[in-house]
Each structure stands twice: as C-alpha cells, then as structure tokens.
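Breakdown of the fold
Chain residues, written in single-letter form:
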Amino acid sequence: TSKDAETAKMMLQAAKAWVKGVMKTTGRRSDEDRNALLAGISALMPKGLFELKRGRSAMRALGLSHAITRQAVDARQDLEDRSKGWQRVHTSPHCDRLDTTPIDKWWHEQGSVPDNDNKHKISVFLGVDEDTNEEKYTIHYRRLQAGNDKDAWELFAKSDYAKQCQEKSKTEKCPLGTIPQLKAFVQARCPCIKKRGVGECDCDICTTIHSNLYPYHQQVLKWIGDGDTSTCACGGACGKWAEATQSMDALYGFLFCPAEHLKDYDIGDTPFKIIPKSCATGNCKHATPFDTSKACGVALRMAPLYKCPVLASDEDVRWKQWQPRYTGDNKETGVAMYQSEFVPTRGSRRKFLEFFQDKLGFYAEHHWRVEWTTQSLRRVELYRPPNTAVLHCDFASQLAIQRQHLQTCGRREYLNNCVGVIGYDLREVQLMRPKVKYSKERVPTPVQQQHVDCFFGFSPPGHKPDARYYNTVYQDMISYLKTGAVRHGEWFYNKQRLRGGDHSLPLPQGFTEMDPSAPFPRLDEVIEELDGCACQFACGTQYRAVATGLMEQGVVRRQLKLAEKHGKNVCDGVSNIPGTVLRSAIAADRAPPPGSRETVVFMAREHPTPSVPKADTNGMWNLSGIFYGHISHKVIEACHVPEATTFTGTRKCHDFVGLSCDKALLDGDAPIHARHDFCFCSPCGKRKFIDCKFRRRAGATMKKHSTKIK
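Notes on the structure follow. (Residues numbered from 1 in each chain as written. Predicted model: local features only at pLDDT ≥ 70, side-chain atom pairs only at ≥ 80, totals over all residues. Heavy atoms only, no water.)

**Here's the deal with the overall build of the chain**
For clarity, the cut-off: Working definition: helices are DSSP H or I runs of at least four residues, strands are E runs of at least two. Numbering for both runs from the N terminus. Exposure classes here rest on a 1.4 Å probe applied to the protein chains alone. A residue is buried below 20% of its type maximum, exposed above 50%, and partly exposed in between. In this description, contact between two residues means that some pair of their heavy atoms is separated by no more than 4.5 Å. The convention is simple: Lys and Arg are positive, Asp and Glu are negative, and His and the chain ends are not counted. The location of each charge is read from NZ of Lys, CZ of Arg, CG of Asp or CD of Glu.
Helices and strands together make up the secondary structure of the chain, namely 22 helices and 24 strands. Once the C-alpha set of the chain is aligned to its principal axes, its extents read approximately 105 × 80 × 65 Å. A total of 710 residues make up the chain; the buried ones form 45% of that total. Within the chain, contacts between residues separated by at least 24 positions form 71% of all contacts whose residues are at least 6 apart in sequence. On the chain, the mean spot of the 102 positive side-chain charges and the mean spot of the 82 negative ones are 3 Å from each other.

**Remarks on the packing of helix H19 (residues 577-587) against helix H20 (residues 596-606)**
Describing two packed helices takes the angle between their axes plus the distance from one axis to the other. Selection criterion: Note on method: axes are straight lines fitted to C-alpha atoms, helices fitted across the in-contact stretch only, with angles between N-to-C directions ranging 0 to 180 degrees. Throughout this description, any angle smaller than 35 degrees is read as roughly parallel, any larger than 145 degrees as roughly antiparallel, any in the 65 to 115 degree range as roughly perpendicular, and the remainder as oblique. The residue classification treats Ala, Val, Leu, Ile, Met, Phe, Trp, Tyr, Cys and Pro as nonpolar and Asp, Glu, Lys and Arg as charged. All others, Gly included, are polar.
Two numbers describe how H19 lies on H20: the axes approach to 10 Å, and their chain directions differ by 80 degrees. By the angle between their directions, the pair H19 and H20 is classed as roughly perpendicular. Between H19 and H20, the contacting residues are Pro578, Val581, Leu582 and Ala585 on the first element and Thr599, Phe602, Met603 and Glu606 on the second. Looking at the contact of H19 with H20, its residues break down into six nonpolar, one polar and one charged.

**Quick word on the packing of helix H5 (residues 101-109) against helix H7 (residues 160-168)**
H7 packs onto H5 with a crossing angle of 170 degrees between their chain directions and a minimal axis gap of 8 Å. Classed by the angle they form, the pair H5 and H7 counts as roughly antiparallel. Between H5, through Thr101, Pro102, Ile103, Lys105, Trp106 and Glu109, and H7, the contact on the second element is made entirely by Tyr161, Gln164, Cys165 and Lys168.

**Topic: the pattern of salt bridges**
We count it as follows: Between Lys or Arg on one side and Asp or Glu on the other, a salt bridge is scored when a side-chain nitrogen of the former is within 4 Å of a carboxyl oxygen of the latter.
What the rule picks out here adds up to 25 salt bridges. Residues Arg487 and Glu552 are paired through a salt bridge, measuring 3.9 Å at the closest nitrogen-oxygen approach. In this pair, Arg487 sits in the loop between strand E13 (485-486) and strand E14 (490-493) while Glu552 sits in helix H17 (residues 549-553), placing the two residues 65 residues apart along the sequence. Under the relative-accessibility criterion, Glu552 is labelled partly exposed at 24%. Residue Glu490 pairs with Arg497 through a salt bridge whose shortest N-O separation is 2.9 Å.

**Quick word on helix H16 (residues 540-547)**
Of all eight residues in H16, eight are buried; the element is thus mostly enclosed. Those residues of H16 that fall on the buried side of the exposure criterion are Gly540, Thr541, Gln542, Tyr543, Arg544, Ala545, Val546 and Ala547.

**Description of the packing of aromatic side chains**
The following threshold applies: In summary, the pairing rule links any two rings of Phe, Tyr or Trp, Trp by its six-membered ring, whose centres are within 6.5 Å, and it sorts them by plane angle into stacked for under 30 degrees, edge-to-face for over 60 and tilted for everything else. Charge over a ring is defined by NZ of Lys or CZ of Arg lying within 6 Å of the ring centre and within 35 degrees of the ring normal.
One pass over the structure, following the stated rule, counts 41 aromatic pairs. Taking the centre distance of 5.1 Å and the plane angle of 40 degrees together, the rings of Trp322 and Phe342 count as tilted. With a gap of 20 residues between them, Trp322 in strand E8 (residues 316-329) and Phe342 in strand E9 (residues 336-348) connect regions that are remote in the sequence. Overall, the relative accessible area of 28% leaves Trp322 in the partly exposed class. By the ring-pair criterion, three or more aromatic residues cluster together here, those being Tyr216, Trp223, Trp241, Phe254, Trp319, Phe352, Phe355 and Phe356. Looking at Arg189, its charged tip hangs above the ring of Trp107, at a distance of 5.6 Å from the centre. We note Arg557 situated over the ring of Tyr474; from NZ or CZ to the ring centre the distance is 3.7 Å.

**Topic: the environment of Gln164**
Note that Gln164 resides in helix H7. Since its relative accessible area comes to 31%, Gln164 is described here as partly exposed. Setting aside residues up to four positions removed in sequence, Gln164 forms contacts with Pro102 and Thr270.

**Details of helix H6 (residues 149-157)**
This is how the line gets drawn: Working definition: the arc comes from the directions between the helix axis and the C-beta atoms, pointing outward to the latter. Identification of polar contacts relies on pairs of N or O atoms within 3.5 Å, with a donor-acceptor requirement for protein atoms, meaning one able to donate a hydrogen and the other able to accept it, and with residues adjacent in sequence counted only if both atoms are side-chain atoms.
Every buried residue of H6 is listed here: Asp149, Ala152 and Phe156. Mapping the buried residues of H6 onto a view down its axis gives an arc of 65 degrees, with all of them on the same face. If you follow the buried residues of H6, they end up packed against H5, strand E4 (143-145), H7 and helix H8 (182-187). For H6, the N-terminal cap is Asn148; the gap from its side-chain oxygen to the backbone nitrogen of Lys150 is 3.3 Å.

**So, the environment of Val421**
Inspection of the secondary structure puts Val421 in strand E11 (residues 414-434). The buried category is assigned to Val421, whose relative accessible area is 0%. Between the C-alpha atoms of Val421 and Gln542, which are 121 residues apart in sequence, the distance is 18 Å. Not counting chain neighbours up to four residues away, the residues in contact with Val421 comprise Val390, Leu391, His392, Val452, Asp453, Cys454, Val570, Cys571, Val574, Trp621 and Leu623.

Okay, here's the thing in structure tokens:
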C-alpha cells in the first residue's frame with residue numbers, strides 16, 4: 001500500500017540520518033560505537049550484496065564508505081554462517097596509547113579501600129606470555145571504590161599520579177602531555193575495584209558526612225538559586241556554603257586553613273599535604289583570646305550560616321543519621337537491646353545545620369587521624385629498616401567447617417581463626433613485565449617486593465579470642481622467622497610440620513618434618529598494625545606483651561593502633577582462603593574429616609601454597625607462603641602472657657613501643673613508651689624518637705609509662 005511505501009522510505013531516511021548524524025564522529029570511534037554502527041548496518045545489508053552488483057547503490061542510499069559497507073556485508077555473512085549471534089569487534093589499540101600504570105596505582109592506593117563485605121578473589125588479566133602464548137592472570141582481593149566516578153577523577157586530576165601520566169604522554173606533537181579524561185580514567189580502573197553495595201562494618205562518623213553532603217548540596221542549590229547572595233543577612237556566607245558542599249575538598253577549604261606540605265613525610269616525589277592537626281582539633285594557631293577573625297574551625301566558619309533566612313529557616317528538609325533500633329530484650333537480664341541503623345530523618349533546615357555542625361566537629365579530627373595513619377602505613381612499607389618486619393593481624397569470624405551432608409537440625413563444627421600476615425626482607429627486584437598495560441612486549445622492570453607469609457592460627461571454640469591467644473600465635477611466628485622452629489602450636493607448611501611446638505600427636509600421613517632453617521634470622525623489630533579491639537589488641541595484657549617483646553625474644557615490638565573504625569587490613573581478604581579451600585574440596589568430592597586438628601591438616605594438604613606465585617605478581621602483600629597451625633586450649637593457657645592493667649591515657653595513644661631489655665622485669669612491672677600519633681619520619685623509623693621531625697606538635701612526644709601485672 002501507499003502507507004507501506006511511505007513507511008519504507010521513512011525507515012531508509014531514518015537509517016541514513018542515524019549513520020550520518022547520530023553516529024557521526026570526527027575522531028576514532030570507541031569499540032562500543034563501532035560495534036553499534038556495524039551491527040546496525042549489517043541488519044540492512046543482504047547476503048552477497050556486492051555479488052548482486054548492489055554495493056554502490058547501498059552506499060549511496062545510506063551515505064556509507066566502501067570500507068564500512070564491505071565490513072558490514074562480511075559480518076552479516078559470518079553471522080548467518082555461524083548462527084551463534086553477534087561476534088564483538090575489537091579494534092587495535094592506538095600506537096601512542098597512554099601508559100595507565102599511574103592510574104592503576106592511584107586506584108589501589110588512594111581511590112579504594114578493602115571491601116570487608118565481599119572478600120572475593122578477582123582474576124585480573126596481565127597479558128599474554130610471549131614465550132608460551134598463554135594468558136596470564138593475577139589474583140586481587142575485591143576493593144571498594146571511594147566515591148563516585150566523577151569525584152574520583154577530580155581527586156586524581158589534582159594528584160601527582162596525573163602529573164606522572166602527563167610526563168609519560170609527552171610527544172613532539174603534544175609537548176605538554178595529557179591528563180586522562182573521565183572515560184579513559186574509568187576504563188583503566190582495575191576489575192577488583194567495585195562500587196559500594198550493601199554495607200557492613202561502616203564507620204558511622206564518615207558515613208554521616210559523606211552520605212549527606214551531596215544530597216544536601218543539591219537542595220541548597222535549589223533554595224538559593226542564581227540570585228545575588230551578597231545582600232543576604234549572613235553576608236554572603238550562604239553562597240560560599242553552596243560552593244563548599246559540592247565536594248569534601250571544597251568543604252575543607254571552607255572550614256579549615258589550607259593544607260600544609262610536610263616534606264619530612266613525603267613518599268618519593270609525591271608531596272604529602274594535610275591540614276594542621278591543631279585546626280582539626282579546634283585549636284587553630286591563628287585564634288587569639290581577643291581576635292578569631294583569621295581562625296578556622298567548624299563552629300567559627302559555620303556561625304554566619306545561622307543568620308541566613310534560607311539555610312536556617314524552619315522549612316522541612318530530609319537527611320540520614322544513625323539511630324538506635326530496638327532488637328529485643330536480653331533473655332537473662334531483661335535489659336532492652338538496641339542496634340544502630342542509618343535511617344532517613346526529617347526536620348527543619350536549622351536543625352540539620354546544628355546536626356551537621358556537631359558531626360563535622362568529630363569528623364575533622366577523625367579524618368585527620370585516618371589520613372595520617374594511611375600515610376604512615378605507606379611509609380612503613382617502603383622505608384622501614386632492612387631488619388624490620390611488618391605484621392598485620394586480626395581475628396576472622398569463626399570458620400564453619402563445611403560438610404557434604406548435614407542432618408536436619410544438625411550443628412556444624414567451628415574453628416577460631418587468628419590470621420597473621422607478616423612481610424619481611426624488603427628488596428627491589430628486576431622482573432619481566434609488560435612495557436605498557438596489556439602489551440606483549442616484556443621489559444625488565446624494577447619492582448619493590450617482600451617475602452609475605454600468612455599464618456592461620458586455628459583453635460577449637462571455647463577460648464575467647466583475646467590478647468593471650470594472639471600473643472601465642474605471635475610468639476610462634478617470630479620464633480619461626482628467627483630460629484626456624486615454633487614454641488607453642490603445631491604448624492604445617494607446604495606439607496611439612498615445623499620443628500618445635502606441640503608434637504603430642506603423630507605426624508600426619510603424607511607430611512614430613514621440616515628442616516629447622518631460619519628464614520629471617522636478622523629480625524630485630526616488628527611493627528604490628530592492629531585495630532583497637534579492647535579485649536584483643538588495646539588492653540593492658542597486650543601492652544605489657546609489647547613492653548616485654550625485647551626481653552622475651554630479642555625483638556623490639558612496636559604497635560600501631562589503627563584509626564577508630566578503620567581497622568581493616570590485608571587479613572580481611574586473606575581470611576577467606578580456608579572457607580574457599582573447604583568448599584572447593586567438597587565440590588571435588590573430598591570432604592574434610594571430623595575433628596579440629598584433622599580439618600587443619602586437611603586444609604594444609606589441600607592448599608599448601610598460594611594459587612599464584614609471588615614472582616608473577618606486583619602486589620606488595622601477595623602471599624609467598626601459607627602456614628596452618630592448630631593451637632589447643634591447653635597450649636594457649638600455658639603461654640606466658642601475664643594479665644596486666646592499662647596505664648592512664650591509652651585510649652588516645654596510637655603508637656606503643658617496648659625498648660627495655662632487662663629480663664629481670666619479665667615477672668614484674670615493665671616500662672613502655674607511648675604517644676598519641678604514630679610517626680615514621682626518618683628519625684622515628686630508626687627509633688630515635690627524641691629527634692622526631694614533628695615533636696613540636698601536640699601528641700607527637702613519646703612518653704614513658706609502666707604496665708602493671710594484675
């Protein structure tokens with residue numbers, strides 16, 4: 001009919017407009033655009049178009065080039081012959097493609113944090129081996145992206161990693177180099193980094209600020225509009241506030257003095273900038289008893305906002321905050337129990353300002369602590385003395401021993417698990433790595449590596465994870481590194497049983513006794529990076545163990561207590577290994593035998609070494625070896641770890657070190673040095689605390705205390 005003919009003509013015109021207009025480009029098309037264009041044209045091309053002498057007619061009708069028409073016809077022919085659907089077309093990379101190594105480093109070091117909710121292993125493609133032509137992969141533990149893509153790119157563009165990209169991309173045609181834009185930046189993101197999903201173990205201080213800032217900014221823009229704010233009763237503060245709430249960097253610029261560059265805490269050529277601690281704690285150095293006009297601070301900078309008739313009105317506004325949720329009564333005491341939950345709340349605009357100001361007061365000092373601790377951890381990893389080891393340790397959740405069959409209402413067996421990951425023997429090695437990412441060409445590349453051992457200290461349930469349990473595992477780890485033998489538990493490594501410890505049970509079948517060779521006999525200091533759990537790592541018993549470390553084993557113990565509610569480390573990802581081993585064995589019809597020690601031996605037999613060799617990875621904390629230990633309650637109770645009381649002010653301290661070597665104090669009160677801020681400047685890295693580069697700052701002076709036995 002005439003309508004059908006008109007419709008066919010309209011469809012042809014729409015197809016031509018789509019090719020010449022919608023899909024038009026002045027440069028190189030991305031793979032997505034190229035596949036969309038090719039798939040659309042292929043749908044219009046009949047099979048054998050050029051054999052039918054209709055090729056030029058089709059090119060004129062749709063405004064196509066000969067190359068894309070031929071490619072579309074070939075794709076249609078291949079599609080019909082295979083009958084397997086569309087095969088994605090991949091274009092060859094640019095000859096001047098950007099080296100994304102600095103972007104990858106930024107994503108892992110500054111753009112993400114360990115994901116405690118989803119401790120999964122992610123396979124990351126490294127390229128094709130030019131000798132064997134096999135694809136190579138490495139394993140990363142899943143990480144959580146900090147913020148959205150746009151905010152992350154803005155932070156990256158201001159960092160020194162962007163300058164590194166700029167330096168590497170300099171050419172004759174582009175002498176200044178280029179900074180990758182948002183699309184290229186997101187494409188270079190490692191597959192192990194994912195955006196936030198359902199959350200657990202969130203920091204309530206950070207969550208309150210980060211989750212409320214951007215939604216509040218959108219509302220402020222609507223309230224203020226494009227009008228002139230200089231005539232407002234607040235003196236234009238509302239206009240500045242609207243700009244300040246667009247990002248955390250802008251908010252800090254509004255509330256505090258500019259960040260200062262601390263040269264003594266730089267890492268390489270990357271400057272370390274942070275706001276003064278005095279400003280974060282509300283004691284700005286510009287404040288005097290008679291004049292606070294030049295001083296910074298949350299209360300001082302937000303005071304004018306309460307005069308604004310828009311921001312401080314009684315009109316309704318919505319935000320989120322942590323509130324207690326009733327979960328029932330305790331069966332024994334009858335006391336009501338509550339659990340904090342992040343829920344929507346409504347109130348006046350003035351009420352939100354008061355709420356936000358109160359939370360910002362806590363957040364400023366808390367965030368300063370997080371930034372300072374993060375930089376300290378990086379400096380410890382890179383600049384520690386050659387005889388120093390770094391230990392991450394934490395107690396994982398109880399390991400449920402999986403079974404192939406479990407009767408209705410049956411109960412699983414469980415194991416307590418103290419996970420210790422210790423890195424030592426830091427060195428720079430030359431490894432063959434791709435010249436640029438995904439390149440087949442390999443070149444010798446200097447890589448900072450260390451030997452990393454993971455110790456799983458398993459114990460039957462019944463003994464609460466505490467400082468005694470942790471120090472039992474710690475003493476075994478240090479004893480093995482220095483002497484090649486352990487003191488307390490029964491340990492297995494690569495189908496061998498370590499010398500020393502509990503050998504009350506016979507050697508398991510298929511295992512041999514390990515030669516007592518010490519892997520790191522020159523060890524003289526251990527830096528323990530632990531969270532602030534009161535019964536495990538932040539108690540008098542633990543601090544006394546730190547104080548007597550040099551007396552006990554000839555190794556100085558220095559403890560870094562991580563920032564409050566930011567205690568996640570490499571142990572959270574590694575702790576997923578035992579559960580994976582059990583599930584994989586059951587899937588292969590190899591169920592673990594009953595009994596706690598039998599299960600530990602089973603895991604040591606099933607997964608004796610890491611899946612990916614250390615030499616094939618670039619990660620600082622990729623594992624070199626795995627140790628499985630079984631520690632009975634009797635062994636834990638026999639360990640010499642006296643109960644002790646804390647000294648005054650321990651809650652505020654984050655740096656503890658035991659320097660006394662007087663063995664006469666082992667059964668009495670022992671001295672310990674502590675201070676508020678952990679520091680790893682050049683003198684502090686050598687334990688010359690009196691020469692600390694930041695000793696004039698409050699909380700930076702190391703003071704002597706005493707740990708007393710109960």
